[in-house]
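Okay, here's what each chain looks like letter by letter:
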Amino acid sequence: MILKRYVLKTFLSFYLVSATGFVGVFLIGDFFERVDEFISRGAPMTDMILYYFYKIPFVTFYMAPQAVLLATVMTISSLAKTNEIIAMKACGVSITRITLPVIATSLVIALLVLASSEFITPKTSQQMNHIFYVKVRGGQTSIIHIEKEKIWYKSKTGSIWNIGQFDSDKLTLSNVSIFLTSENQFITQRIDADQAIWIDNQWQFMEGSIRSFGPKGLETTEFFEKRSFIVPEIPADFVIHKKRQEEMSVRNMYEEIKEDQSMGRDVVGKWVDFNYRLSYPFIAVVLSIIGIPLSLRSSRHGGLLFSVAINLASGVSFSFLYAMCLSLGRGGTFDPVLATWGPIVLFICMGFYLLLTIDSEKALPFLK
C-alpha cells in the first residue's frame with residue numbers, strides 16, 4: 001500500500017507539472033496570436049483576462065492525454081533511474097502492481113476530463129466565445145448555416161417541407177412541397193408549387209396544386225396559379241443557428257443528431273464527432289498503458305530523453321492512426337464507433353501485451 005501511494009504521489013506531481021506546462025504554453029501561443037486584435041479593437045484588459053480564464057477547461061480537454069503521457073514517462077524513468085523499480089521487484093512486487101496506480105489514475109483523469117467537457121467546458125466556452133465574437137468582434141457566437149438546395153424541414157406543428165432551392169436574399173423557394181399531417185402523423189394535405197415568395201409576412205405560392213387525402217387515399221386535387229396559405233413557417237426557420245462545437249455537451253450533440261435524423265439529413269459526420277467527444281479523453285489511458293512498457297524498455301538502453309523520444313514516436317503513431325480512422329469514419333468507410341474507439345482498443349491491447357511481456361524473452365510467454 002505504501003509503494004502504491006508513493007508511485008501515485010510521484011505520478012500526480014509530474015502530471016500537474018506537465019498539464020500546467022502544456023496548458024500554459026498553449027495559452028501563451030494563443031495570446032500572441034490574438035493580443036493584437038484585442039488591442040486594436042479597444043477591448044478592456046479584464047475581457048482579455050476573462051477570455052483566457054474561460055479557455056482553460058477547453059485547452060485542458062485537449063492537453064490531458066499529452067500530459068498523462070509525459071507524466072507516465074517521467075514517473076517510470078525516474079523510478080528506473082534510481083533503481084527503485086528493481087528494488088520493488090526484488091521484494092516480490094510485480095510490474096503490473098507497481099504501475100497499477102498510474103493506469104488507474106489515468107482512467108480517473110479521463111473520466112474527470114469527460115465530465116468537465118459535459119458540465120463545465122460548454123458553459124465556459126460560451127462565455128469565452130461571447131467575449132471574443134460579441135464584445136471584441138461585434139458579431140454573434142452562433143454559427144449561421146443556410147442550406148441552399150434539397151432542404152427537408154419538419155416544423156413544430158408536424159408539417160414537412162421539401163424545398164428544391166432556397167434564396168435567402170430574395171426570400172424565395174423553388175420546387176416546394178408541403179405535407180400537412182394530423183395528430184397521428186397521417187398526411188391530410190399536400191401542397192406543391194413551382195415557387196413560393198415571402199410577401200407581406202406570408203408565403204405567396206405560384207403555379208401549384210393542393211391534394212387532400214382521406215382514410216381511403218386521394219380525395220380531391222385543386223390547381224392554382226397564385227395563392228396564399230396560412231402556415232406558421234417563416235424564412236428564418238430555414239436559416240439554422242448552430243452552437244459552436246466546443247459549446248455543446250454530449251447531450252446537446254445527441255439531441256441535434258436525433259433532430260437532424262428526423263429531418264432526413266446526413267448525420268454520419270455528427271455521429272463521428274459525438275463518439276470522438278466521448279472517446280478522446282480515454283486516449284490518456286491508451287498513452288499511459290503504452291508508455292509504461294516503452295519507458296521501462298527504453299530506460300535500459302538510454303536516459304530520459306531517449307524514453308521521451310520513443311514514447312513521442314508511439315504517440316505520433318497513434319495520433320496518425322486515430323486521425324486516419326476519423327477521416328474514414330466521416331467519409332462513411334468506417335462505422336462511427338469503429339472509427340473512434342477502434343484505435344483506442346487496438347493500442348490498449350498492444351500496451352497490455354507489452355506490459356505482460358516486459359520481463360520475457362518469448363513473444364508469447366503464457367505459452368509453454
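Data block above holds the structure.
Please read these numbers as outputs of a predicted model, since none were measured by experiment. (Residues numbered from 1 in each chain as written. Predicted model: local features only at pLDDT ≥ 70, side-chain atom pairs only at ≥ 80, totals over all residues. Heavy atoms only, no water.)

Enquirer: I'd like a description of a nonpolar patch on the surface, backed by residues and values.
Expert: Taken together, the side chains of L50, F53 and I56 define a hydrophobic patch exposed on the protein surface, amounting to about 270 Å² of accessible area. On the secondary structure map, L50 appears in helix α2 (residues 45–81). Taking relative accessible area as the criterion, L50 reaches 36% and is therefore assigned partly exposed. (Patch = residues over 30% accessible without salt bridge, like charges linked within 9 Å, V, L, I, M, F, W, Y side chains within 5 Å. Areas by Shrake-Rupley, 256 points an atom, 1.4 Å probe, with all protein chains shown as cover. Salt bridge = Lys/Arg side-chain N within 4 Å of Asp/Glu carboxyl O. Helix = DSSP H or I, 4+ residues; strand = E, 2+ residues; numbered from the N terminus. Buried < 20%, exposed > 50% of the residue type's maximum accessible area, 1.4 Å probe, protein only.)

Enquirer: Tell me about the packing of helix α7 (residues 268–279) against helix α9 (residues 304–330), residues and numbers included.
Expert: As a packed pair, α7 and α9 sit with axes 8 Å apart at the nearest point and diverge in direction by 150 degrees. Judged on the interaxial angle alone, α9 and α7 are roughly antiparallel. Here V268, V272, D273, Y276 and S279 of α7 lie close against α9, whose contacting residues are Y322, L326, G329 and R330. In terms of residue class, the contact of α7 with α9 is built from five nonpolar, two polar and two charged. (Axes fitted to C-alpha atoms, helices over the stretch in contact; angles between N-to-C directions. Parallel < 35°, antiparallel > 145°, perpendicular 65-115°, else oblique. Contact = heavy atoms within 4.5 Å. Nonpolar A, V, L, I, M, F, W, Y, C, P; charged D, E, K, R; others polar.)

Enquirer: Can you explain the pairing of strand β7 (residues 217–229)? Please cite residues and give values.
Expert: Pairing of strand β6 (residues 202–214) with β7, which is carried by 11 bridges, proceeds in the antiparallel orientation. Within β7, the position partnered with W203 by the bridge is F229. Between the antiparallel neighbours β6 and β7 lie two residues. (Pairing = 2+ DSSP bridges.)

Enquirer: Tell me about the pattern of salt bridges, and name the residues and values.
Expert: Within this structure, the stated rule accounts for 12 salt bridges. The residue E256 makes a salt bridge to K270 at a minimum N-O spacing of 3.3 Å. Separated by 14 residues along the polypeptide, E256 in helix α6 (residues 250–262) and K270 in helix α7 bring together distant segments of the chain. The pair formed by E256 and K270 is uniform in burial state, with each residue classed as buried. Three or more residues joined by partner-sharing salt bridges are found here, namely D30, R34 and K55.

Enquirer: Quick rundown of the nonpolar core? Include the residues and the values.
Expert: In this structure, Y15 and Y322 are the most contacted members of the largest nonpolar core, which totals 45 residues. Elements supplying a minimum of two residues to this core: α1 (2–40), α2, α3 (84–90), α4 (95–119), α7, α8 (283–299), α9 and α10 (336–356). Take this core: its biggest share by element is 10 residues, from α8. Non-local contacts of Y15, meaning those with residues more than four positions away in its chain, are made with A64, A67, V68, A71 and I109. With 20 residues, the next largest nonpolar core counts F166, V176, W198 and F224 among its residues. (Core = buried A, V, L, I, M, F, W, Y, C linked by side-chain atoms within 4.5 Å.)

Enquirer: Let's hear about α10: which residues, and what values?
Expert: In a regular helix each residue adds 1.5 Å, so 21 residues correspond to 30 Å; α10 covers 31 Å between its end C-alpha atoms and thus fits that length. At G342, α10 shows its largest bend, some 40 degrees, and a proline, P343, comes one to four positions later. Of the positions making up α10, those classed as buried are P336, A339, T340, P343, I344, F347, G351 and L355. The N-cap residue of α10 is D335: its side-chain oxygen and the backbone nitrogen of V337 are 2.9 Å apart. (Expected span 1.5 Å × (residues − 1). Bend = angle between axes of the 7 residues up to and from the residue. Polar contact = N/O pair within 3.5 Å; in protein donor to acceptor, adjacent residues only side chain to side chain.)

Enquirer: Talk me through the packing of α2 against helix α5 (residues 121–136); I want residue IDs and the actual numbers.
Expert: Across the interface, α2 lies against α5 with an axial gap of 8 Å and an inter-helix angle of 145 degrees. Note that α2 runs across α5; the crossing there is left-handed. Along its contact with α2, which presents D47, L50, Y51, Y54, K55, P57 and F58, the element α5 presents T121, T124, S125, Q127, M128, I131, F132 and K135. (Left-handed = near helix turned anticlockwise from the far one by under 90°.)

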